Amino acid sequence: MRVLLVGAGGVGTAVTRIAARRPFFEVMVVADYDPARAEAAVAAVGDDRFLAERVDAGDEGAVAGLLARHGCDVLLNATDPRFVMPLFRAARAAGADYLDMAMSLSRPHAERPYEECGVKLGDEQFARAGEWAKAGALALVGMGVEPGLSDVFARYAADELFDEIEEIGIRDGADLTVDGYAFAPSFSIWTTIEECLNPPVVYEKERGWFTTAPFSEPEVFDFPEGIGPVECVNVEHEEVLLVPRWVDARRVTFKYGLGREFIDTLKTLHLLGLDSTTPVTVPGADGPVAVSPRDVVAASLPDPATLGDRMRGRTCAGTWVRGVKDGQPREVYLYHVVDNEWSMTEYGSQAVVWQTALNPVVALELLATGAWSGSGVLGPEAFPARPFLDLLTEYGSPWGLREQ
């Protein structure tokens, strides 16, 4: 397997450190708009299978050319969601398979944003599923941790733990703190704003997909391995759009443990218009400059990839499932916990970005060995879960199951 990895930020760099310990690929080309980041990621692993290149993720022709020049058969997208569609199209144009960790962006319903879906996450990609299937090519979408591993857990629950599923709820929480910062998100603030301030999507079998208000339906969820109770709220996320396509469940939700201070900060950003991606004109030394308010917010905060030495605690991604097995009610939580001290010591990557990066590498290995195969635009639920979970454990990062 020859891989083009686009994006050498925190997640992309963690991908290289995880993949360097595995033998399944021949070459991994690490490409970034900032060549210094790509070169640093490659230098850190000290492995001649890795090469550094510069590329603009929004330039489809350049990306397709890079895939062709290095003979890459798969593109792994480790950029933010703005670049999903250019990279998705570039991979198709070059005849390469494609894998991402977040899907094409949504757009709220114009008149009823908190009741009806407009353009849903992934709609642009699924609209081209026939084209990918006809070509015998695979676009594996939403293959990070959430979405990604959480979807694998849903597939595993359906196949091995339940006869009927009433509800699947992705629940994400942590007890992470960052020394020296009053506000320092552990993941891309650009992506966090996008998913937290958009109308959350809920799925019900009788109703289909519909939306609700941001931060709605708060609940306290008790997370395992010492994290404890965290208040979680509805957030827009890909699992709600992916799981029902392949798993039979009466209801699917996603709730994130943000914390009251984090929610209040996001609400303030929205109130001031600082969540907007529409450029505004501001004075500059050489005249007026058009800038995106959200990009300014992102540039004003510390890079999450640099926070590992200041972070303390654990992060938990998981899937709560309620249903029936052998005629009896059952409720479980399938989960994956990463301790920041461990991930920093073992890989030099903070827990959140490392946990995100781990899962696409596992998926690439399954595709390389033939344990997973398919064509079209597919989510993680379209593949057998057991090979993934077994390999995840082999990578030294086991998952857990708690009866509720």
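Anything mentioned here points back to the structure above.
Read on for a plain summary of the structure. None of the values given here were measured: they were computed from a predicted structure.

A closer look at the nonpolar core
Counting 116 residues, the largest nonpolar core has Leu4, Tyr98, Ile168 and Phe388 as its most contacted members. Considering every element that reaches this core, the biggest residue donor is helix 13 (residues 351-369), with ten residues. Ranked by size, the runner-up nonpolar core spans ten residues in total, among them Phe221, Cys232, Cys316 and Tyr335.

Things to note about unusual backbone geometry
The peptide bond linking Glu146 to Pro147 adopts the cis configuration, its omega dihedral lying at 0 degrees. If you trace the backbone, Pro147 turns up in the loop between strand 6 (138-140) and helix 7 (149-161). Phi at Phe215 takes a positive value of approximately 65 degrees, unusual for a residue other than glycine. Checked against the element boundaries, Phe215 lands in the loop between strand 10 (208-211) and strand 11 (219-223). Here Asp326, not a glycine, exhibits a phi torsion of approximately 55 degrees, which is positive. Residue position: Asp326 is located in the loop between strand 17 (314-325) and strand 18 (328-339). Given a relative accessible area of 61%, Asp326 falls into the exposed group.

Re the pattern of salt bridges
Inspection of the entire model under this criterion finds 33 salt bridges. Of the charged contacts in the structure, one is a salt bridge between Glu219 and Arg171, with a shortest N-O distance of 2.9 Å. Highlighted residues: Glu219 in strand 11 and Arg171 in strand 7 (residues 164-174), separated in sequence by 48 residues. Two residues, Glu204 and Arg251, come together in a salt bridge whose shortest N-O distance is 2.6 Å. Here Glu204, found in strand 9 (residues 201-204), pairs with Arg251, found in strand 13 (residues 251-256); they are 47 residues apart in sequence, far enough to count as distant. Taking the relative accessible area as the measure of exposure, Glu204 reaches 23% and is therefore partly exposed. The exposure class assigned to Arg251 is buried, which follows from its relative accessible area of 18%. A cluster of three or more residues bridged by salt bridges with shared partners is formed by Glu167, Arg171, Glu204, Glu217, Glu219, Arg251, Lys255 and Arg322.

Observations regarding the sheet that holds strand 5 (residues 97-99)
With parallel pairing, the seven strands of this open sheet are ordered in space as 3-2-1-4-5-6-19. The open sheet terminates on both sides in strands that have one partner only, identified here as strand 3 (50-54) and strand 19 (376-378). Recorded for the sheet is a direction-independent mean angle of 20 degrees between the axes of neighbouring strands. With three bridges connecting them, strand 4 (residues 74-77) and strand 5 associate as parallel partners. Bridge assignment links Leu76 to a residue of strand 5, and that residue is Leu99.

Quick notes on the packing of aromatic side chains
For the coordinates displayed, the defined rule picks out 19 aromatic pairs. Summarising the aromatic geometry, the rings of Phe88 and Trp132 are spaced 5.0 Å apart at their centres and angled 35 degrees between planes, so their arrangement reads as tilted. Separated by 44 residues along the polypeptide, Phe88 in helix 4 (residues 84-94) and Trp132 in helix 6 (residues 129-134) bring together distant segments of the chain. For Trp132, a relative accessible area of 0% puts it in the buried group. An aromatic cluster of at least three residues, connected via ring pairs, comprises Phe221, Phe223, Tyr333 and Tyr335. Geometry around Phe25 places Arg49 over its ring, the cationic atom sitting 4.1 Å from the centre. The ring centre of Phe126 lies 3.7 Å from the NZ or CZ of Arg245, which sits over that ring.

Reading the values: the criteria
Residues numbered from 1 in each chain as written. Predicted model: local features only at pLDDT ≥ 70, side-chain atom pairs only at ≥ 80, totals over all residues. Heavy atoms only, no water. Core = buried A, V, L, I, M, F, W, Y, C linked by side-chain atoms within 4.5 Å. Buried < 20%, exposed > 50% of the residue type's maximum accessible area, 1.4 Å probe, protein only. Helix = DSSP H or I, 4+ residues; strand = E, 2+ residues; numbered from the N terminus. Salt bridge = Lys/Arg side-chain N within 4 Å of Asp/Glu carboxyl O. Pairing = 2+ DSSP bridges. Axes fitted to C-alpha atoms, helices over the stretch in contact; angles between N-to-C directions. Phe/Tyr/Trp six-rings, centres within 6.5 Å; stacked < 30°, edge-to-face > 60°. Lys NZ or Arg CZ within 6 Å of the ring centre and 35° of its normal.

Function cannot be read off these values alone, since they describe shape.
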